[in-house]
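This is what each chain is made of:
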Amino acid sequence: MSAPDEARLPPVNHDRDAQGGRYWIALGEEEAEMTYRLSGGVMAIDHTFSPRSARGSGVAARMVLRAVGDARAEGLKILPLCSYVAAQFARHPDWSDLLPA
């Protein structure tokens, strides 16, 4: 995806508290969402949802990329409990350092 296309996409938002949080993207009347729980320095991502109208558009991948960047910046590990996130980790061996031991 080129930079101009990326600039037109809605932002990835992030809500968080001490127990966990969610990444989400507003898509008009709908919303894509990825949720996680926090415990002991591990972000356990347990759910990813993209509305049918947004599937295949890359919105879920953008949320995972944001979580990977945030985890790296904060020194967190990621436990991919959600099948979509687990598949993304399988495609990105360069993220293996983020997996808990």
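Residue positions within a chain follow its written sequence, with the count starting from 1. For a predicted model such as this one, the threshold for reporting local features is a pLDDT of at least 70, and the threshold for listing and counting side-chain atom pairs is 80 or more; totals across whole chains, interfaces and linings nevertheless cover every residue. The side-chain numbers reported here are obtained from all heavy atoms of the structure, hydrogens and water having been left aside.

Enquirer: Is there a simple way to think about the overall build of the protein in this case?
Expert: Scanning the protein for helices and strands turns up three helices and five strands. Secondary structure of the protein in N-to-C order comes out as α-β-β-β-β-α-β-α. Radius of gyration here uses only the C-alpha atoms, and the compact-globule reference equals 2.2 Å multiplied by the residue count raised to the power 0.38. On C-alpha atoms alone, the protein measures out to a radius of gyration of 13 Å, which is about the 13 Å that the 2.2 N^0.38 rule sets for 101 residues. Projected onto its principal axes, the C-alpha coordinates of the protein cover approximately 35 × 30 × 25 Å. Scored against the burial criterion, the 101 residues of the protein give a buried share of 38%. Considering only contacts in the protein between residues 6 or more positions apart, those separated by 24 or more positions represent 38%. Surface summary for the protein: the accessible area is close to 5800 Å², and the carbon and sulfur share equals 54%. Every helix listed is a DSSP run of H or I at least four residues long, and every strand listed is a run of E at least two residues long, numbered separately from the N terminus. Partly exposed describes any residue whose relative accessible area lies between the buried limit of under 20% and the exposed limit of over 50%, with all areas from a 1.4 Å probe on protein chains only and scaled to the type maximum. A contact between two residues is defined here by any heavy atoms of the two lying within 4.5 Å. Computed with the Shrake-Rupley method and a 1.4 Å probe, the accessible areas treat only the protein chains shown as cover for residues.

Enquirer: Mind showing me how you'd approach the nonpolar core here?
Expert: Soluble globular proteins tend to pack their nonpolar side chains together in the buried interior. Core analysis: the largest hydrophobic core is formed by 24 residues, its most contacted members being Tyr23, Met34, Met43, Ile45, Met63 and Ile78. Elements supplying a minimum of two residues to this core: strand E2 (20-27), strand E3 (30-39), strand E4 (42-49), helix H2 (59-74) and helix H3 (83-91). Residues contacting Tyr23, with those up to four places away along its chain left out, are Val12, Asn13, His14, Ala32, Glu33, Met34, Tyr36, Met43, Met63, Arg66, Ala67 and Asp70. By nonpolar core we mean a set of buried residues, namely Ala, Val, Leu, Ile, Met, Phe, Trp, Tyr and Cys, connected to one another through side-chain atoms within 4.5 Å.

Enquirer: Teacher, can you tell me more about the sheet that holds strand E1 (residues 13-16) here?
Expert: By definition, the strands of a sheet pair up through backbone hydrogen bonds, in either a parallel or an antiparallel sense. Strands are treated as partners if at least two bridges between them are detected by DSSP. Sheet architecture is open: five strands sit in the order E1-E2-E3-E4-E5, paired in mixed fashion. Of all strands in the sheet, those bounded by a partner on one side alone are E1 and strand E5 (77-80). On average, adjacent strands in this sheet sit at an angle of 25° to one another, irrespective of strand direction. Pairing between E2 and E3: eight bridges, direction antiparallel. What counts as an axis is a line fitted to C-alpha atoms, over the stretch in contact for a helix, and the angles between N-to-C directions run from 0 to 180 degrees.

Enquirer: Could you clarify how one ought to interpret the pairing of E5 in this entry?
Expert: Each regular strand shows side chains that alternate between the opposite faces of the sheet. Burial of E5 is one-sided: the residues Ile78 and Pro80 facing one way are buried, the residues Lys77 and Leu79 facing the other way are not. We call a crossover right-handed when, viewed with both strands directed away from the observer, the connection leading from the first strand over the helix to the second proceeds clockwise. Assessed by its sense of winding, the connection that carries the chain from E4 through H2 to E5 is right-handed.

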